[in-house]
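Reading the structure
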Amino acid sequence: EPTPEPTPIPYETPDWFDSAVLYSLFVRSFADSDGDGIGDLNGITNRLDYLEDLGVDVLWLLPIYPSPSYHGYDVADFYAVNPEYGTLEDLQALVNEAHSRGMRVILDFVPSHLSNQNPLFQEAYRNPGAANEEWFVFTNENNSLYAGFAGSDEMPRFNHFNPEVVDYLTQAALYWIDLDGDGDYTDGIDGFRVDNATFPPQEFFISLRQSIKAANPDTLLLGETWVTDPRSLSIFYQDQFDALFDFPLYSVAQGNQNSNFDGLLAGNSLPLLLKTTLQEEAERYPAEAQAVRFFSNHDTNRIATELKGSIERQKLAAIA
């Protein structure tokens, strides 16, 4: 099973992320360098000056792995770049150019599940007795039914209580921070935005963090933990993540993600809730914990929609 015990305090997080401006970047739609109609890694490299001028410190690349979907969160190969986006060499060139500007690059990492087209899953699917059938959560005898992310057959869940799964995902993460394979974990990817981090057990993330930090303590682990209560969110800082998206603040500012104009920024919530949320975060989170504040992301409506196009309220959001 994954290592269950957290490491002793003090709690250490990367100093470079303390005041960073994080730019979420969907490679497919950002910049096309070769005219095929699909954004790519070289397109990003060509526009680093523009991003630097915006004040961006950290690029967060949404999944760049081979995948049968447009979004890439169903990973078909955890050790490769989607050929529509470029090559490993293109990624290394982007990282090198970003580092030369004092910028960092983090990848979306998806340890919760994988694509049903991934050879790892295909080997075990409908194949009882396969060497890796315990990697997944099959629910019938012939391995034709299984647990999937959000109930989707396209994204089978990993079994994180299998140490082979823990090792596989850990090695995949280490691969990207040592991108050129020279054993130097300081010149590759600078960290990960970890997708769906409320699903795998905490023991898995404790083990993952210990391995990554042993390789390079300055590597960032940023969790997507969609929890709106600071008390419940605080447990994910217990030797699991350096930083978490500030979903409690988001829920106060924007309200319900499935409706618009119902949060504090729209004038339809109590300002006292903001003060209460910030006070509780200060009390619950470790002093070194890094909270990533945002008012919309790729899973929510954009600010202009949330605020019904109000320029004044969008300016208020920008000031905040």
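Next up on the list: the side chain of Ser69. Structurally, the position occupied by Ser69 is in the loop between strand S2 (58-61) and helix H4 (88-100). Within the structure, Ser69 has its side chain in polar contact with the backbone nitrogen of Gly72 (distance 3.0 Å).

We now examine helix H9 (residues 247-254). Quick reminder: α-helices carry 3.6 residues per turn. Residues three or four places apart thus point the same way. Of all eight residues in H9, seven are buried; the element is thus mostly enclosed. Contacts made by the buried residues of H9 are with helix H8 (230-233), strand S6 (243-245), helix H10 (271-284) and helix H11 (303-306). Gly255 occupies a position one or two residues after H9 and carries a positive phi of about 80 degrees.

With that out of the way, let us pick up the pairing of strand S4 (residues 191-194). Every second residue of S4 is oriented toward a common face, with Gly191 and Arg193 on one face and Phe192 and Val194 on the other, all of them buried. Taken together, the four bridges between strand S3 (residues 104-109) and S4 define a ladder with parallel strand orientation. By the bridge assignment for S4, Leu107 is matched with Phe192. Here S4 runs beside strand S5 (residues 220-223); their pairing, made up of four bridges, is parallel. By the bridge assignment for S5, Phe192 is matched with Leu221. For the crossover that starts at S4, traverses helix H7 (residues 202-215) and ends in the parallel S5, the hand is right-handed.

This next bit is on the nonpolar core. Core analysis: the largest hydrophobic core is formed by 77 residues, its most contacted members being Leu59, Leu61, Leu91, Trp176 and Phe192. The biggest single contributor to this core is helix H6 (residues 163-177), with nine residues. The residues contacting Phe192, other than those within four sequence positions of it, are Ile106, Leu107, Phe109, Ala173, Trp176, Ile177, Ile212, Leu220, Leu221 and Leu222. In this structure, Leu265, Ala266, Phe295 and Leu307 belong to the second largest nonpolar core, which totals six residues.

What counts, and at which threshold
- Residues numbered from 1 in each chain as written.
- Predicted model: local features only at pLDDT ≥ 70, side-chain atom pairs only at ≥ 80, totals over all residues.
- Heavy atoms only, no water.
- Helix = DSSP H or I, 4+ residues; strand = E, 2+ residues; numbered from the N terminus.
- Polar contact = N/O pair within 3.5 Å; in protein donor to acceptor, adjacent residues only side chain to side chain.
- Buried < 20%, exposed > 50% of the residue type's maximum accessible area, 1.4 Å probe, protein only.
- Contact = heavy atoms within 4.5 Å.
- Pairing = 2+ DSSP bridges.
- Right-handed = clockwise from strand over helix to strand, strands pointing away.
- Core = buried A, V, L, I, M, F, W, Y, C linked by side-chain atoms within 4.5 Å.

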